[in-house]
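Structure assessment
Next come the chains, spelled out residue by residue.
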Amino acid sequence: MNAPLPRSVLADRDELARRLRRETEGEVLFDIASRGRYATDASIYQQLPVGVFVPKTQRDVAIALQIARELGAPLLPRGGGTSQCGQTTGTALVIDFSKHLRRVLSLDVEALRAEVEPGLVLDHLNAELKKHGLWYPVDVSTGAQATLGGMAGNNSCGSRSIAYGNMVHNVARIAAWMADGGELDFGPLSTLGTKEREIADFVRGLAEAVAPEIDAHWPTVMRRVAGYNLDIFRPRSERPYTADGSVNLAHLLVGAEGTLALTRSLTLALAPLPRHKVLGVVNFARFHTAMDSAQHIVKLGPSAVELVDRTMIELARANPAFRPVIETALIGAPDAILLVEFSGEERAPLLAQLQALVELMADLGLAGSVVEMPDEGAQKALWEVRKAGLNIMMSLKGDGKPVSFIEDCAVPLEHLAEYTDALTEVFAKHGTRGTWYAHASVGTLHVRPILDMRRDGAPKMRAIAEEAAALVRKYRGAYSGEHGDGLCRGEWIRWQFGAKIDDAFRAIKQRLDPGNQFNPGKIIDPPKMDEARLMRFPPGYKTIPLTPVLDWSAWNVQNDPVTEQTTAPGTGGDVTGGLAKAVEMCNNNGHCRKFDAGTMCPSYRVTRDEQHLTRGRANTLRLALSGQLGGETLDGEAVKAALDLCVSCKGCKRDCPTGVDMARMKVEATAAYKQRHGHTLRDRLIAHLPRYARFASALPWLFNLRDQVPLLARWSERLLGFAAARSLPRWRRDTLRHEAPRYGLVDAEQALAASKAVVLWVDTFNGHFETENARDAVRVLQAAGYAVHVPGLEGETLCCGRTYLASGMPGRAKASAGALVAALAPFAAQGIAIVGLEPSCLLSLRDEVLGMGLGEAAKAVAAQALTFEEFLAREAKAGRFAPPLSPAARPIKVHGHCHQKAFGVMQPALEVLKLIPGAKPELIESSCCGMAGSFGYEAEHHAVSMQMAELSLLPAVRAAGDAWIVADGASCRHQIADGAQREALHVARVLAAHLTAPGRG
């Protein structure tokens, strides 16, 4: 791995680990995989840390600081690890505050103050504050994962800084540990103790000594976060640091990137939540016009003006989670849009401001360019897309990626259009183009030129940076406007401020951290931005040749940085067939650390360990595939451990802005591991279940003994690894295969000849454990006049191969899926819908099966494959599905299977249930139920499985009263039965229960 440790650090590393384990309660992670997972942030850099320490208490931090000081080990504080510039990478002991040090220590609603620990995530704080009608208004786009300590270290800003200011304007106090182990309290000058006042006097003296240089070189734009805030004693920002002009010493630490002290707690200035918001989306045919219009729009008094460019629009349209949202904001095919928000206490004045925006655009020659969004639901959805902007832009396939290094240059608004035009010419000169989005209200541009950092990216980055710097100086802007200095902008501090101010910064560092222990190499004595040994893809980076078991050729491409067009699949030169490039799509943005609605990432929500995060897993895979895990590769123990709690929920496939599909990647890793280490008896029992299902159903009393005799349950746990505390699915004799003659099904020839036919593929689980689901599905379809054909009632059960994939048997999975495709292909060729009841099985036809090399037949089947609800919703919309249904007598609560959510097919389920007169189905906001196929049955995973379920699903089920509990997934129903002692039903059963004219089934 690059950036090797100095010998002096290596010598004491073992002792550091021993003492941390002996003297603290925290987690001590010094193995190569853990260090590798913390070697990167959301930047282009990688530096292997000495080790990782996850403190459980503030006492742990104080002791770790003492031990590190005695052993001469540098320290690097870290929150969410989402920094864009390499601030949280370094050859140091990383202290991860985010897992445990995340409490709200005090809240004073009247004084609008909250004291918090540095590991608290912004959105989690705001969730607490919302109960009191308050919020913390530094609304960064990474608010679901950014910690407040990290935000203070970075002087974060947010979309609404024009109204509320930056982090520095909203921090009232900081309690911190200093390099000598002492604890100081930084706040207003009038409240300082003796030691704190000595620091204040020292910094004041420096400011007075370089006053002429501050006046001459300090950028006056509000977005300026470089260096230290020396100007608290000679304010230059267009927005004063304090409302009354007083000095607050805490502001010296804001933006210091952890180089001066370790934050113990922050006291934050809160704000009342705006009661109302309205949004106007202005569509522009030309990017230049959007930039030029910003200076006029801000005069209307908006709370935010945000740019989204054509690249981000198109990438959002390509993401299934974002497409329906972004399209509501568009008029035609704009080159850019501006999101203009107005907020306040009364709605009527805001609507008047929105109308003023419409009139302004007409006066500027752009009549009819505004999409008005007065509804806050639509606004929120669109803001979520905008917040994901940086990450969406990283979803370009190929080695060329938008690179962060000049993205935060801030210029006065009157020069914004000229600056963007000039920068576009710079990009073109170097054979690339930029992706843009901006805080247009304050002249800060998030612009990233597309560069290939494996090949010629570094020299191009240097050349572009130098020309961009000249433009920033020409327009009297700030080179570092929002995302800090870190490794990519540290060297530009001296350029921006001049030698004397830079020397003053150095004096501050030496005064507060004389041993250079805190995050060395940032702000003071930084490396060159293009230092090759610090890059994630340094010279000589290569991956280990392998042949993947699934088709990853869609990722094995190269792209054109100007047109963004990609080459044909399989032409990208990846010796892993595209697997490595798919893994490298993770840019470490940390979006997977979120805890709000959605599926990603259920195991991380329980453990809060970086190892169990989609980002952590992707980093582990990347390091393994590039030979950076000390000799271990894809089949090693480090990869197995990282993927152990991955439940293959597919949440990352949908929720990750760059589309990292960890479930698919786990198939590769599991196959590699099992090929090397072999399969257990439990693996074989799970994998071959579809093959022996028909025989087990003939002797259900024998196969069900395990749950009837406690001794057998304990024996199965010891011998096979099935949790004794978990019941197993019950085998039954009355399977669909045995009962089919009663159902009035049609054969294949009749189905192909019928005018209104449907193929109902009954998977192993619904076919052998829950016959009533298949029976009721047939009844519902027949009641609406469909001729129903169920293939595979003779011979072996037709299976998608999922149990084989999960058990690391890709060859058998392909054979099983191939047989299924062959059976379904004749119907697909005739355009007959293929409908499935189990989401994970049916959706495999549209995902993994397409990666098995089964040819055009698999594609044809996938095109006709629909979940039961998708089919019914489609037919109802076309007027072909209208069975007689009785009114709903009970509420309906719906739990979505992870794959339903990941593939965006939950809405059809709700639509179909709404066909029941008077029904108002409500979606239970939950992540994975925790069962996830065999995962919840396995003894070593049972506890985590139950913890996942208890996060939200089981409490919601217990509180549901007499409501119908609806869950389409067999695993989900099993978890609800085991954990809440409630019966959950498939949608087919709920519909059948409301039929007034039953079908023949």
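Quick look at the structure, then. Treat the numbers as computed from the prediction; the structure is a model and nothing was measured.

As a further point, take the overall build of the protein chain. Tallying secondary structure elements over the protein chain gives 44 helices and 25 strands in all. Here the protein chain has a C-alpha radius of gyration of 30 Å; the compact-globule value for 1001 residues is 30 Å, and the two agree. Considering only C-alpha atoms, the protein chain reaches an extent of 95 × 70 × 55 Å along its principal axes. Expressed as a percentage of the 1001 residues in the protein chain, the buried residues total 63%. Taking the contacts inside the protein chain whose residues are at least 6 apart along the sequence as the reference set, 74% of them involve residues at least 24 apart. Surface summary for the protein chain: the accessible area is close to 35,500 Å², and the carbon and sulfur share equals 52%. Computing the positive centroid from 113 side-chain charges and the negative centroid from 111, the protein chain places the two 4 Å apart.

Most often, soluble globular proteins keep nonpolar side chains buried together rather than apart. Among the nonpolar cores identified, the biggest contains 67 residues, and L621, M662, M665, W761 and L845 are the most heavily contacted of them. Per element, the largest residue contribution to this core is seven residues, and it comes from helix 35 (residues 810–829). The contact partners of W761, leaving out residues within four places of it in the chain, are P791, L798, C799, C800, L820, I834, V835, G836, L837, C841, L842 and L845. L120, V138, L148 and I232 belong to the second-largest nonpolar core, a separate cluster that totals 59 residues.

There is a patch of nonpolar side chains on the surface, built from L699, W701, L702 and F703 and spanning about 400 Å² of accessible area. With respect to the element layout, F703 can be found in helix 28 (residues 700–703).

Attention shifts here to the pattern of salt bridges. Scanning the entire structure with this criterion turns up 65 salt bridges. Across the pair E327 and R323 runs a salt bridge whose closest N-O atoms are separated by 3.1 Å. Placement of both E327 and R323 in helix 12 (residues 323–327) is noted, with a separation of four residues, approximately one turn of the helix. In this structure E327 comes out as partly exposed when scored by relative accessible area, which is 32%. Classification of R323 by relative accessible area gives partly exposed; the value is 43%. Residues E770 and R973 are paired through a salt bridge, measuring 2.7 Å at the closest nitrogen-oxygen approach. Residue E770 is found in the loop between helix 32 (764–768) and helix 33 (771–783), and its partner R973 is found in helix 43 (residues 970–980); the two are separated by 203 residues along the sequence. Residue classification places E770 among the buried residues on the basis of a relative accessible area of 17%.

Its location among the elements puts C85 in the loop between strand 3 (75–78) and strand 4 (93–96). Judged by relative accessible area, C85 falls into the buried class, the value being 0%. In this structure the C-alpha to C-alpha distance between C85 and N229, which are 144 residues apart in sequence, comes to 19 Å. For C85, the residues in contact, after removing those within four places along its chain, are S43, Y45, H483, G484, D485, G486, L487, C488 and R489.

Looking now at helix 4 (residues 122–130). Along helix 4, the residues that are buried comprise L122, L125, N126 and L129. The buried residues of helix 4 occupy one face: seen down the axis, they fall within an arc of 95°. On its buried face, helix 4 sits against strand 5 (104–108), strand 6 (113–116), strand 7 (134–135), helix 5 (148–154) and strand 10 (262–269).

Okay, a negative patch on the surface next. A contiguous patch of negative charge, built from D292, E414, E418, D421 and E425, is present on the exposed surface. With three residues, helix 16 (residues 416–429) is the single largest residue contributor to the negative patch. With respect to the helices and strands, the residue E418 is situated in helix 16. The class for E418 is partly exposed, based on a relative accessible area of 41%.

Ordered by their spatial adjacency, five strands build an open sheet running 5-6-10-8-9, and the pairing between neighbours is antiparallel. Every interior strand has two partners, whereas the edge strands, strand 5 and strand 9 (183–186), have only one. Sheet twist, expressed as the mean angle between neighbouring strand axes with direction ignored, is 10°. Inspection of the sheet shows strand 5 paired to strand 6 by four bridges, in the antiparallel sense. Counted as the bridge partner of D108 is R113 from strand 6.

Attention shifts here to the packing of aromatic side chains. Evaluation of the coordinates by the stated rule reveals 16 aromatic pairs. Between F703 and W731, the ring centres sit 6.2 Å apart and the planes meet at 65°, which makes this aromatic pair edge-to-face. Linking F703 in helix 28 with W731 in the loop between helix 29 (710–720) and helix 30 (736–739), this pair joins segments that are 28 residues apart in sequence. The exposure class of F703 is partly exposed, given its relative accessible area of 39%. What makes W731 buried here is its relative accessible area of 10%. One Lys or Arg, R454, reaches over the ring of F537 and ends 4.5 Å from the middle of that ring. Over the ring of F695 we find R694, and its NZ or CZ is 5.8 Å from the ring centre.

Residues L184 and F186 of strand 9 are buried on one face, while the alternating residues E183 and D185, pointing to the opposite face, are not. Bridge count between strand 8 (residues 171–177) and strand 9: four bridges; the pairing is antiparallel. Along strand 9, the bridge assignment pairs A175 with D185. In this antiparallel pair of consecutive strands, strand 8 and strand 9, the connection spans five residues, and G181 shows a positive phi of 95°.

Another aspect to go through is the environment of P826. Relative to the helices and strands, P826 resides in helix 35. Sequence separation of P826 and G904 is 78 residues, and the distance between their C-alpha atoms is 27 Å.

Basis of the calculations
Residues numbered from 1 in each chain as written. Predicted model: local features only at pLDDT ≥ 70, side-chain atom pairs only at ≥ 80, totals over all residues. Heavy atoms only, no water. Helix = DSSP H or I, 4+ residues; strand = E, 2+ residues; numbered from the N terminus. Rg over C-alpha atoms; globule rule 2.2 N^0.38 Å. Buried < 20%, exposed > 50% of the residue type's maximum accessible area, 1.4 Å probe, protein only. Contact = heavy atoms within 4.5 Å. Areas by Shrake-Rupley, 256 points an atom, 1.4 Å probe, with all protein chains shown as cover. Lys, Arg positive; Asp, Glu negative; His and termini not counted. Charge placed at Lys NZ, Arg CZ, Asp CG, Glu CD. Core = buried A, V, L, I, M, F, W, Y, C linked by side-chain atoms within 4.5 Å. Patch = residues over 30% accessible without salt bridge, like charges linked within 9 Å, V, L, I, M, F, W, Y side chains within 5 Å. Salt bridge = Lys/Arg side-chain N within 4 Å of Asp/Glu carboxyl O. Arc of directions from axis to C-beta. Pairing = 2+ DSSP bridges. Axes fitted to C-alpha atoms, helices over the stretch in contact; angles between N-to-C directions. Phe/Tyr/Trp six-rings, centres within 6.5 Å; stacked < 30°, edge-to-face > 60°. Lys NZ or Arg CZ within 6 Å of the ring centre and 35° of its normal.

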